[in-house]
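Structural overview for review
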Amino acid sequence: MAKDMTLLWGTGSPPCWRVMIALEEKNLQGYNQKLLSFEKMEHKSQQVLDINPRGQLPTFKHGDNVINESYAACFYLESQFKSQGTKLIPDGPAEQALMYQRMFEGLTFYEKLNAVIYYEWYVPEGERHESALKRNKEALVTELKLWEGYLQKLGSGSYLAGPSFTLADVVVFPTVGTVFRFGLSPERYPKLGEYHNLLKERPSIRASWPPHWLESPKGLDTLKDI
């Protein structure tokens, strides 16, 4: 089954990482994959554009089915391989409702993180303002406090939707991994730090850990004062 799958991806990209975690959790190792470089603009190459006209990563194909949006690919994998590997959508209505809620809130979390760590990348030099960056940082602090509160309410050792690892963890953990890679203080955000420690040794997450993070374990300090 995995031999019919192709994933084009970039290291350190949370959307790519989501799909890779889902593939691991569904025991779909051995898929065709190619690591591309964002710096060399390989995501805009013809190889990618032929499958993904947006020129973005991940680019994912299963047989003739193309699913490039990372959330959609994760849903697809759970739906198609329901009885294989980890069950990623719980049966209970309360846990399922919380899973969907946290999954889609995860998009806001990721967006607010990007607005801070990639501000200089996204905004041309002449259009940058300290006041805008300050506003973005304040919005990220508000977001981080929300997630800290969610985890506090669930108690120690919990996943994002309760006692089971679900699609919410598949799609949100890469953002959590990234905030700590960029220097967020686990002392200031202890519940997020605890959640990060709980999941970072999970086999699916270790197997898909961004290779350049392994090569350079010391991260950046962009968020150290957040």
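A quick note: this is a predicted structure, and the numbers were derived from the prediction, not measured. (Residues numbered from 1 in each chain as written. Predicted model: local features only at pLDDT ≥ 70, side-chain atom pairs only at ≥ 80, totals over all residues. Heavy atoms only, no water.)

**Thoughts on the packing of helix 1 (residues 14-25) against helix 7 (residues 167-181)**
Following both chains from N to C, one finds helix 1 and helix 7 inclined at 130°, their axes separated by 8 Å at the closest point. Judged by the inter-axis angle, helix 1 sits oblique to helix 7. Every pair of crossing elements has a handedness; the one defined by helix 1 and helix 7 is right-handed. Contact residues: Pro14, Trp17, Arg18, Ile21 and Ala22 in helix 1; Val170, Val171, Phe173, Pro174, Thr175 and Thr178 in helix 7. Of the residues assigned to the contact of helix 1 with helix 7, the class counts are eight nonpolar, two polar and one charged. (Axes fitted to C-alpha atoms, helices over the stretch in contact; angles between N-to-C directions. Helix = DSSP H or I, 4+ residues; strand = E, 2+ residues; numbered from the N terminus. Parallel < 35°, antiparallel > 145°, perpendicular 65-115°, else oblique. Left-handed = near helix turned anticlockwise from the far one by under 90°. Contact = heavy atoms within 4.5 Å. Nonpolar A, V, L, I, M, F, W, Y, C, P; charged D, E, K, R; others polar.)

**Things to note about the UniProt feature "domain: GST C-terminal" (unreviewed entry) in the protein chain**
Per the UniProt annotation, the sites labelled "domain: GST C-terminal" (unreviewed entry) are residues 92-220. Counted over residues 92-220, helix gives 70% and strand 0%. Its end C-alpha atoms are 40 Å apart. (UniProt positions renumbered as here; feature names shortened; annotations may be inferred.)

**What about the side chain of asparagine 114?**
Summarising the element assignment, asparagine 114 is placed in helix 4 (residues 93-117). Relative accessible area serves as the criterion here: at 9%, asparagine 114 is assigned to the buried category. Residues in contact with asparagine 114, not counting those within four places in the same chain, are Tyr119 and Tyr122. (Buried < 20%, exposed > 50% of the residue type's maximum accessible area, 1.4 Å probe, protein only.)

**Section: helix 3 (residues 70-80)**
Of the positions making up helix 3, those classed as buried are Ser70, Tyr71, Ala73, Cys74, Tyr76, Leu77 and Glu78. Lining the buried residues of helix 3 we find strand 1 (5-9), helix 1, strand 3 (59-62), strand 4 (65-66), helix 4 and helix 7.

**Observations regarding empty space enclosed by the protein**
Going through the model one piece at a time under the given rule, you end up with one cavity of 30 Å³ or more. Here the largest cavity is characterised by a volume of approximately 40 Å³. Around the largest cavity, the lining residues are Trp9, Gly10, Thr11, Gly12, Ser13, Cys16, Trp17, Met20, Ser208, Trp209, Pro210 and Pro211. Residue contributions to the lining of the largest cavity peak at three residues, all from helix 1. Partitioning the lining of the largest cavity into residue classes produces seven nonpolar, five polar and no charged. (1 Å grid on protein atoms, 1.4 Å probe; cavity = no way out; pocket = protein on both sides within 12 Å on 5 of 7 lines; lining within 4 Å. Points joined across faces, edges and corners; volume = space filled by probe spheres on them.)

**Notes on the pattern of salt bridges**
Taken as a whole, this structure holds nine salt bridges when the rule is applied. A salt bridge links arginine 206 to glutamate 201; its shortest N-O distance comes to 3.9 Å. Relative accessible area serves as the criterion here: at 32%, arginine 206 is assigned to the partly exposed category. On the basis of relative accessibility, which here comes to 49%, the residue glutamate 201 falls in the partly exposed class. (Salt bridge = Lys/Arg side-chain N within 4 Å of Asp/Glu carboxyl O.)

**So, the sheet that holds strand 2 (residues 32-35)**
If you walk across this open sheet you meet the four strands as 2-1-3-4, and the pairing is mixed. At either margin of the open sheet sits one strand with a lone partner, and together these are strand 2 and strand 4. (Pairing = 2+ DSSP bridges.)

**Things to note about the layout of surface pockets**
Considered as a void within the structure, the largest pocket measures approximately 990 Å³ in volume. Ser13, Phe38, Tyr110, Tyr118 and Tyr122 are, among the 34 residues lining the largest pocket, the residues nearest its centre. Of all elements in the fold, only helix 1, helix 3, helix 4, helix 5 (119-122), helix 7 and helix 10 (211-215) reach the threshold of two or more residues within the lining of the largest pocket. Residue composition of the lining of the largest pocket, by class: 16 nonpolar, 13 polar and five charged. Both of domain 1 (1-79) and domain 2 (91-213) provide at least three residues apiece to the lining of the largest pocket. In this structure, the second largest pocket encloses a volume near 200 Å³. Lining the second largest pocket are Gly177, Phe180, Arg181, His196, Lys200, Arg206, Trp209, Trp213, Leu214, Pro217 and Gly219. When residues of the lining of the second largest pocket are traced back to their parent elements, those giving at least two are helix 7, helix 8 (190-200) and helix 10. Looking at side-chain class alone, the lining of the second largest pocket contains five nonpolar, three polar and three charged residues. (Domains from an automatic or database assignment.)

**Some words on the packing of aromatic side chains**
Evaluation of the coordinates by the stated rule reveals 13 aromatic pairs. With 5.4 Å between their ring centres and 90° between their planes, tryptophan 17 and tryptophan 213 make a pair best called edge-to-face. Taken together, the residues tryptophan 17 in helix 1 and tryptophan 213 in helix 10 connect sequence positions 196 residues apart. As far as burial versus exposure is concerned, tryptophan 17 and tryptophan 213 are alike and both buried. Arranged with centres 5.3 Å apart and planes meeting at 25°, the rings of phenylalanine 109 and tryptophan 147 form a pair that is stacked. With a gap of 38 residues between them, phenylalanine 109 in helix 4 and tryptophan 147 in helix 6 (residues 130-154) connect regions that are remote in the sequence. A single burial state applies to phenylalanine 109 and to tryptophan 147, both of which are buried. Following the ring pairs from residue to residue traces out a cluster consisting of Trp17, Phe173, Tyr195, Trp209 and Trp213. Residue placement shows arginine 202 over the ring face of phenylalanine 165; its charged tip is 3.7 Å from the ring centre. The ring of tryptophan 209 carries the charged tip of arginine 206 above its face, separated from the ring centre by 5.0 Å. (Phe/Tyr/Trp six-rings, centres within 6.5 Å; stacked < 30°, edge-to-face > 60°. Lys NZ or Arg CZ within 6 Å of the ring centre and 35° of its normal.)

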